[in-house]
Amino acid sequence: MSLQVANRPAIRRTALAVALSVGFAGVAFAQATTGSIFGDAPAAQGETVLIQSSTGFTREVAVDASGHFVANQLPLGDYTVTLRQNGQDVDSRKNVTLRVGAGTQVSFAAAGAADAQNLSAITVSANALPTIDVTGVDSRTVITAEQLAKLPLARSAEAIALLAPGVVEGSALFTGTAGGNVVSFGGSSVTENAYYINGFNTTDPLSGLGGLTLPYGAIDQQEILSGGYGAAYGRSDGGVISQVGKRGTNEWHFGGQIQWTPKSLKSDPKNYYYVTGASAGQMRQYRNESKSWVTTVSGYAGGPLIKDKLFFFGAAEAERREGTSVGSNAAPQTTQYRYDNPKWYAKLDWNINDSNILELTGASSKESYAGTLYDFDYSTLSTGDFNSYDTSHKYGSDLYSAKFTSYITDDLTVSALYGEMKGTFYETVPGYDASNAYVFGGDKQNPAITGGNPITGPQTASYITDPSHRSKNTNLRIDVSYHIGDHTITAGIDNQKITDENDRTISSGQGYSWSYDAGDPTKYIVGGPEANGPNWQAQPWVVNPGSVANGQSGYFVSRYRQANGATVTTEQRAQYIEDSWQVNDRWLVKIGLRNDQFTNNNGDGVPYLRLTSPQWAPRVGFSWDVNGDSTFKVYGNAGRYYLAMPASVALRAAGSSLLVDEYFTYTGIDANGVPTGLTAIPTSTGGPISSNGEYGQPRDPLTATSRNLKSEYQDEYILGFDKQFNESWTYGAKATFRNLRNAIDDIGDSFAIRTKMEAMGIDMDDVGTIQGSYLVNPGRTNILMIPNAAGDGYYTVPMTMDDFRFNTTLKRKYYGLNLYLEHPFDGKWYGKIDYLWSHSFGNSEGQVRSDIGQTDVSATVDWDYAELMDYANGALSNDRRHQLKAYGAYQLTPEWMLSGNLVVMSGMPKTCLGYYGADESNPGLGYGGGYYHFCKGKPYSPGDERQPWTYRFDLSAEYRPEWAGKKLAFNVMVYNVFNKQTTTQTYPLSGFTANPNPSYNRPYSSQTPRYVRFGVSYDF
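Each residue is numbered by its place in its chain's sequence as written, counting from 1. pLDDT decides what is reported in this predicted model: residues at 70 or higher carry local features, side-chain atom pairs at 80 or more are listed and counted, and totals for whole chains, interfaces and linings draw on all residues regardless. For side-chain calculations, the full set of non-hydrogen atoms in the structure is used, while hydrogens and water are omitted.

S.K.: Any chance you could explain the nonpolar core here in plain terms?
M.R.: What tends to happen in soluble globular proteins is that the nonpolar side chains get buried as a cluster. Formed by 33 residues in total, the largest nonpolar core has its most connected members in Ile160 and Ile224. Secondary-structure elements contributing two or more residues to this core are α4 (157-161), β11 (183-185), β12 (194-197), β14 (219-227), β20 (310-326), β25 (412-428) and β49 (882-891). Secondary structure follows DSSP: runs of H or I at least 4 residues long count as helices, runs of E at least 2 residues long count as strands, and numbering of each begins at the N terminus. Tallying contributions element by element places α4 first for this core, with three residues. For this analysis, residues touch if any pair of their heavy atoms sits within 4.5 Å. Once residues within four sequence positions are removed from consideration, Ile160 is found in contact with Ile143, Leu148, Leu153, Tyr216, Ile219, Gln222 and Ile224. With 28 residues, the next largest nonpolar core counts Leu209, Ala653, Leu709 and Leu775 among its residues. Put simply, a nonpolar core is a bunch of buried Ala, Val, Leu, Ile, Met, Phe, Trp, Tyr and Cys residues held in one set by side-chain atoms that sit within 4.5 Å of each other. Burial status follows relative accessibility: with a 1.4 Å probe on protein chains alone, a residue under 20% of its type maximum counts as buried, one over 50% as exposed, and anything between as partly exposed.

As structure tokens, then:
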């Protein structure tokens, strides 16, 4: 709403018209760290507006002949805005607070000459933003530090992001870079988001799972962008989590906080049980005692080093979590563990002069873990003697960046940002014994040998990594904004370079693990004549276990070897231009164009993926101030968004990857979980077999990808409105459509390639190795380079989807309709309620797969060969058809504040994966485990069944006593008040009808049980 001086006539002018006419629109970008102030005043000669922040930053801008003024790209903070006439103060507005990426309207009514002479103009305090920002065309939610201090939330960027409509928790099988949860925006996968701190891209450079975030108490504002952002930013087709940290002011402030989550007030997590086959009803995992306590200590200090010139703000947070967890009966051990999670943030702001400012940012987030393993007896549910030490780790990132902004003229602003983020990924196993192999699938061991009690042995590490693993990410941005006439033109560059150094992984022990499994004794484990027909011997095969001694029960074991690693780099560059055009006094149109270039290099520094041809990403948006008074806005946008591939893709796609299995039947299992009495099961190679041809050989970069490969990109369309019901309430609606137009994944069907080459008349005796995996664009014709036998040339082979025998094409579509009702804070209470109906469907979730927890970015099981994609169309893993979110706070008395957070959601789709067709064969490359969309011999599309609805209500209370000047505060939060522990995801692999997988449909994850968190803080 307009801020007007009482008893003076209002100037009726649309906020949009004012903003556009003075060049505001288009200069507050998504992922921005700034805001803008604009408005109008009675036009008079010699009239200016002085804008002063609590940090000492000052800008004075002229009021133009039409009575408009604007100040763009202002650092966030509280401002005093003063109207001046011939150097004398006439009128002012205090406590004008900016919101990131948005414009704040401040207008002045006509001032009398007497006021100008005696400088006694009325001063008005502004403590609320206009209800509707008619200058925005995107979909964003901004949560401020004041809201964070009130709302009952887990202390993470992702928990804050979950307040926004369309954002849902990702699968519990995925964890972020700091060990926390990850989130999905608008149906996209959890690796397709971008993270920012003070404008620097902090997204995990290795896999895209999460990113570096600030200490909770250092967050000034968190911007959650779920679509529609302009051409200045890209490299995400999911969403954006952008944090702006606090900064020092002209007054010193200090404070501290202690928070404690006691173990004794945590509810018992529910135990997990088998639900299928002979094991149904038996306990899979004892979880009642899997609890921890958490203590968090934080503090901050901020103020002037040189008043009005140089300011400092620093914050530190130390979290410690200690607890106990019990593994499943396949890994029956009690782990006593400890996590230490220190974070810090520091910022220097230097007001060089009225036209130039410099900002220096430092931030760090670390996680260290150590655990001790003890034997656990499932027959007595008791912990026994010391077993070994768990794999300990130290993960974390450090960020340093500098941003310089120059207000060259009122119409021309230039900013430059450069920074570096370095990551550490250190792992070690105290007392590591390389003589023992890790054991997978203990619950699939032959019960005639184990008596139903899995034997897993002492090895706790399934793999080991290079302790010198590091990463480095540099980011350079230059942005220029120029206002001319009815247009504001912005342009710039956005460049990143990522190095993933010494990223190496090998199987533990002597380089292999034992993986137990069970199948139909009459069915080939991989391939075979029943699965692949007359040409079955040309494809991978492993005979049925029943044809080998001691395999009549269908139980077998494989010796599994994995090794890969390299130092790889990626380069991501972009250029953009955008025009914000004032069509008339109520219409704003934004037209932008972005061009991205991506280059991924292998371990030798040679590009295996070079996407440097123009990748044009047009963006168009509009805002219509319907009534001309900022009470009703209709907006929309359409845009294309490209996604780069992270660094880790090179390790398997373009490195020297080893991934093989060697199959055996067995007669016994020793105390270390090692099978005895082995009999080799014949394979197509006569020994170890790799379905994707990963035998450790160096990969020719020309054969890693299709030659006409294009980046993943998504088209998005949004149409919505915001409307004031009255001065206290706002409501609105928004419709969103997203269409994944192109994706990157790998195809492994080298036999289809061979068939195509034979059809082309190529002499196969002159053909070299056809690799087992190629990065391609599913649904398109892909041109592959196949080396000749002499090694001095290549055959060019165009492969259509029909050549690969697929009967479907790439599909991921998302529809969403959001309805909301909001009551801004009026000194007593505020609240917001969102309802979203959405549908995410298709056959490709994106870069990863949630249902099986596969984190191989752009190298999932999907599209590896045709049979895997039969009946794959359905609801995707991040589909939540109905979402209801409500949160708010109520000032019960001057000393007491109550707040709550309610989340109600329909469940995620269930997945049942089994063996192929009614005869349950294992065709094509024959991946073990059965990843086909068949369940007990019948087609089963994702979403045919659903997980149950989830309900969660969180509540908090704060007491801020008057006797302590309201500087001291006591708070308590109860998370999941009603202790709902509904299962959220279940194990999807069903096995054979004749020998079902005992784990099928058992819980993978469930809601976090109720816990209570206490806090004490003091600010002075």
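From this point, the discussion proceeds with the structure in view.
S.K.: Looking at this structure, I do not really get the pattern of salt bridges. What am I missing?
M.R.: Note on definitions: salt bridges are taken to be side-chain nitrogens of Lys or Arg within 4 Å of carboxyl oxygens of Asp or Glu. In the structure shown here, the tally under the stated rule is 44 salt bridges. One salt bridge in this structure joins Glu962 and Lys966, with 3.6 Å as the shortest N-O distance. Residue classification places Glu962 among the partly exposed residues on the basis of a relative accessible area of 45%. One network of salt bridges, in which partners are shared, links Arg235, Arg477, Asp479, Asp494, Arg594 and Asp596.

S.K.: Would you mind showing me how to read the packing of aromatic side chains here?
M.R.: Each aromatic ring pair is specified by the distance between its two centres and by the angle formed by the two planes. Pairing of aromatic rings covers Phe, Tyr and the six-membered ring of Trp, with a centre-to-centre limit of 6.5 Å; geometry is then stacked below 30 degrees between planes, edge-to-face above 60, and tilted otherwise. Per the counting criterion, the structure on display carries 51 aromatic pairs. Ring geometry for Trp344 against Tyr400: centres 6.1 Å apart, planes inclined by 50 degrees, an arrangement best described as tilted. Remark: Tyr400 occurs in strand β24 (residues 392-407) and Trp344 occurs in strand β21 (residues 333-353); sequence separation between them is 56 residues. An aromatic cluster is built from Tyr865, Tyr871, Tyr916, Tyr927, Tyr932 and Phe934, whose rings are joined through pairwise contacts. For a ring to carry a charge above it, either NZ of a lysine or CZ of an arginine must fall within 6 Å of the ring centroid while also lying within 35 degrees of the normal to the ring plane. Here the basic side chain of Lys832 rests over the ring of Tyr820, its NZ or CZ set 5.2 Å away from the ring centre.

S.K.: Looking at this model, I keep getting lost on a nonpolar patch on the surface. Mind explaining?
M.R.: A contiguous nonpolar patch, built from Trp252, Phe254, Leu305, Ile306, Leu348, Leu360, Tyr1018 and Phe1020 and spanning about 710 Å² of accessible area, is present on the exposed surface. Locating Phe254 in the fold gives a position in strand β16 (residues 253-261). Taking relative accessible area as the criterion, Phe254 reaches 33% and is therefore assigned partly exposed. The patches reported here contain residues having more than 30% relative accessible area and no salt bridge. Joining distances are 9 Å for like charges and 5 Å for nonpolar side chains (Val, Leu, Ile, Met, Phe, Trp, Tyr). Computed with the Shrake-Rupley method and a 1.4 Å probe, the accessible areas treat only the protein chains shown as cover for residues.

S.K.: Before we go on, may I ask you to explain the sheet that holds β12 in this structure?
M.R.: Sheets are built from strands that pair by backbone hydrogen bonding, the pairs being arranged parallel or antiparallel. Note on pairing: two strands pair once DSSP finds at least 2 bridges between them. A sheet is described by the order of its strands in space; here five strands give the open sequence β9-β14-β15-β12-β13, paired in mixed fashion. Looking at strand neighbours, the two that pair on one side only are β9 (139-144) and β13 (200-201), the edges of this open sheet. Strand direction decides the pairing type here: β9 and β14, joined by six bridges, are antiparallel. The residue of β14 that forms the bridge with Thr144 is Gln221.

S.K.: Help me understand the side chain of Thr335, please; the structure alone is not making it clear to me.
M.R.: Note that Thr335 resides in strand β21. For Thr335, a relative accessible area of 11% translates into the label buried. Residues contacting Thr335, with those up to four places away along its chain left out, are Gly323, Thr324, Ser325, Tyr369, Gly371, Thr372, Leu373 and Asp390.

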